[in-house]
Amino acid sequence: MELSIIKNKIHNIQGNKVILDFDLAELYEVETRVLKQAVRRNLKRFPDDFMFQLSKDEWKEVITNCDNLPENIKFSPATPFAFTEQGVAMLSSVLNSDKAIDVNISIMRAFVALRQHLTDYSNLKEHIAQLEKEMNVKFNDIHQAMNYLLQKDKVQIEQLNRERIGFKTGRKDY
């Protein structure tokens with residue numbers, strides 16, 4: 001299974017990276033109803049940090065922000081379950097099939113790849129901030145040098161154009 005397909009199904013809800021139940025059901029090739037039923041039968045395996053059910057407001061926000069949700073899901077009266085990485089791992093013990101195991105391995109790899117991407121992004125962000133700081137110092141030096149040169153020329157022009165005082169001979173050779 002392609003990691004990019006799975007990465008597109010990972011959402012950020014309540015500060016957690018989660019996959020919604022209907023996406024998992026599609027990946028596992030089971031009905032959403034069957035997946036939810038298996039979870040409800042094994043609720044002890046799914047504490048709040050493994051799985052939670054979206055509130056109506058959270059679900060409306062997900063519908064608003066996600067373009068790729070199936071039409072029949074958007075109007076479902078029941079709000080979906082959201083599974084964290086640990087919840088997905090636990091789900092493989094509830095759905096005990098070869099397909100569930102294969103999909104679960106792919107999902108775990110997608111979460112790891114996403115975490116690695118975020119780590120790389122934060123390292124890149126720090127590096128860019130450091131470069132900006134260095135460039136600001138260099139640009140500040142260049143700016144000061146340019147101002148000095150511009151002011152120097154301006155002072156010389158003002159010196160030449162100033163009105164002379166003292167004895168005037170009538171000649172303009174100064």
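Computed from a predicted structure; not experimentally measured.

S.K.: Hey, could you run me through the overall build of the chain in this one?
M.R.: Looking only at helices and strands, one finds seven helices and four strands in the chain. Secondary structure of the chain in N-to-C order comes out as α-β-β-α-α-β-α-α-β-α-α. In terms of overall size, the chain is more extended than a compact globule, its C-alpha atoms giving a radius of gyration of 33 Å where 174 residues would be expected to give roughly 16 Å. Projected onto its principal axes, the C-alpha positions of the chain cover 110 × 30 × 25 Å. Looking at the 174 residues of the chain, the share that counts as buried comes to 30%. Excluding contacts between residues fewer than 6 apart, the proportion of contacts in the chain whose partners are at least 24 apart in sequence is 70%.

S.K.: Explanation requested: the layout of surface pockets in the structure shown.
M.R.: Any empty space left between the atoms is revealed when a probe the size of a water molecule rolls over them. Here the second largest pocket defines a volume of roughly 160 Å³. Going through the elements one at a time, β2 (16-20), α6 (85-94) and α7 (98-161) are the ones with two or more residues in the lining of the second largest pocket. Grouping the constituent residues of the lining of the second largest pocket by class yields three nonpolar, three polar and three charged.

S.K.: Where do I start with the environment of S55 in this structure?
M.R.: Looking at the element boundaries, S55 is found in the loop between β3 (51-53) and α4 (56-65). For S55, a relative accessible area of 35% translates into the label partly exposed. Sequence-wise, S55 and P80 are 25 residues apart; in three dimensions their C-alpha atoms are separated by 8.8 Å.

Reading guide: rules and limits
- Residues numbered from 1 in each chain as written.
- Predicted model: local features only at pLDDT ≥ 70, side-chain atom pairs only at ≥ 80, totals over all residues.
- Heavy atoms only, no water.
- Helix = DSSP H or I, 4+ residues; strand = E, 2+ residues; numbered from the N terminus.
- Rg over C-alpha atoms; globule rule 2.2 N^0.38 Å.
- Buried < 20%, exposed > 50% of the residue type's maximum accessible area, 1.4 Å probe, protein only.
- Contact = heavy atoms within 4.5 Å.
- 1 Å grid on protein atoms, 1.4 Å probe; cavity = no way out; pocket = protein on both sides within 12 Å on 5 of 7 lines; lining within 4 Å.
- Points joined across faces, edges and corners; volume = space filled by probe spheres on them.
- Nonpolar A, V, L, I, M, F, W, Y, C, P; charged D, E, K, R; others polar.

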